[in-house]
Amino acid sequence: MLALVALSFASCEKETEGVTGITIYPVLELDGETTLYLEKGSTFEDPGYTATLDGEDVTDQVVIDSNVNMNASGFYSISYKITNKDGFSASDSRKVIVLDPNDDIDGFYTVTANSYRFYKDATVEYGDEYEIIVAHDNDKLYFSDALAGWYAQRANYGDAYEMFATIGIDSDNNLSLISSLIPGWGDGLVGFSGSWDSTNKTFTYVAKYVSGMTFYVTLTKE
């Protein structure tokens with residue numbers, strides 16, 4: 001990958017007239033996958049990264065910000081950033097999903113094709129099975145997409161339109177909303193209720209979204 005060069009022209013005052021400033025943009029590249037699926041309790045090893053500036057290796061100048069906790073199931077992120085002397089930077093990120101294979105809830109789920117959205121007096125089924133991930137940590141659940149792929153997969157809008165949600169689960173396996181967000185639109189759910197069926201390893205819930213949209217979802221563990 002070629003480094004980008006930016007030219008900046010100073011103001012036309014006598015003492016700086018005709019002076020040109022040049023800055024070389026840093027280049028940052030990640031090794032391996034940008035989404036990692038790891039087993040709870042294992043040791044995390046970063047797949048690696050490299051940074052160059054005008055052909056020089058400046059990997060040791062990369063600043064890393066990580067919230068990865070290998071002792072708790074969940075969704076984590078690592079950000080990487082390299083900045084040149086003029087304040088121009090290059091950045092990238094990696095998603096880390098930690099799951100416990102011995103936890104009945106942790107894992108991959110598919111939405112049943114007859115789950116549906118109710119909106120403006122009309123019912124529209126999902127029509128296909130889309131996959132999401134659920135992580136379980138004590139009395140909290142983390143859904144990769146509480147709308148079960150409606151926008152991210154069914155409408156093919158991409159990952160920015162997944163409804164990441166933190167859901168509470170009580171001793172009777174009842175579900176309640178703690179927080180949610182679709183990054184692409186910057187909003188979240190306005191209501192949520194449901195339950196976990198431990199025998200059939202199934203979630204059944206109702207997710208209320210903006211403008212009166214209501215999603216009736218059944219998820220079955222794969």
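Everything quoted here is computed from the prediction, not taken from an experiment.

S.K.: Can you walk me through the overall build of the protein in this structure?
M.R.: The secondary structure content of the protein amounts to 1 helix and 19 strands. Computed over the C-alpha atoms, the radius of gyration of the protein is 23 Å, more than 25% above the 17 Å expected from 2.2 N^0.38 for a compact globule of 222 residues. The principal-axis extent of the C-alpha atoms belonging to the protein is close to 75 × 45 × 25 Å. By the burial criterion, 36% of the 222 residues in the protein qualify as buried. The contacts in the protein between residues at least 6 apart in sequence include a share of 47% that link residues at least 24 apart.

S.K.: Quick question: what am I supposed to make of the side chain of T59 here?
M.R.: Position of T59 among the secondary structure elements: in the loop between β6 (56-57) and β7 (63-66). Residue T59 is classed as buried on the basis of its relative accessible area, which comes to 19%. Contacts of T59, omitting those with residues within four sequence positions, involve Y49, T50 and A51.

S.K.: What is the right way to read the sheet that holds β7 from this model?
M.R.: Working definition: the strands of a sheet are paired by backbone hydrogen bonds and lie parallel or antiparallel to each other. Taken in spatial order, the 4 strands line up as β4-β9-β8-β7 in an open sheet, and their pairing is mixed. The strands lining the two open edges of the sheet, one partner per strand, are β4 (35-39) and β7. Strand-to-strand, the axes of this sheet are offset by a mean angle of 20°, without reference to chain direction.

About the criteria used
- Residues numbered from 1 in each chain as written.
- Predicted model: local features only at pLDDT ≥ 70, side-chain atom pairs only at ≥ 80, totals over all residues.
- Heavy atoms only, no water.
- Helix = DSSP H or I, 4+ residues; strand = E, 2+ residues; numbered from the N terminus.
- Rg over C-alpha atoms; globule rule 2.2 N^0.38 Å.
- Buried < 20%, exposed > 50% of the residue type's maximum accessible area, 1.4 Å probe, protein only.
- Contact = heavy atoms within 4.5 Å.
- Pairing = 2+ DSSP bridges.
- Axes fitted to C-alpha atoms, helices over the stretch in contact; angles between N-to-C directions.

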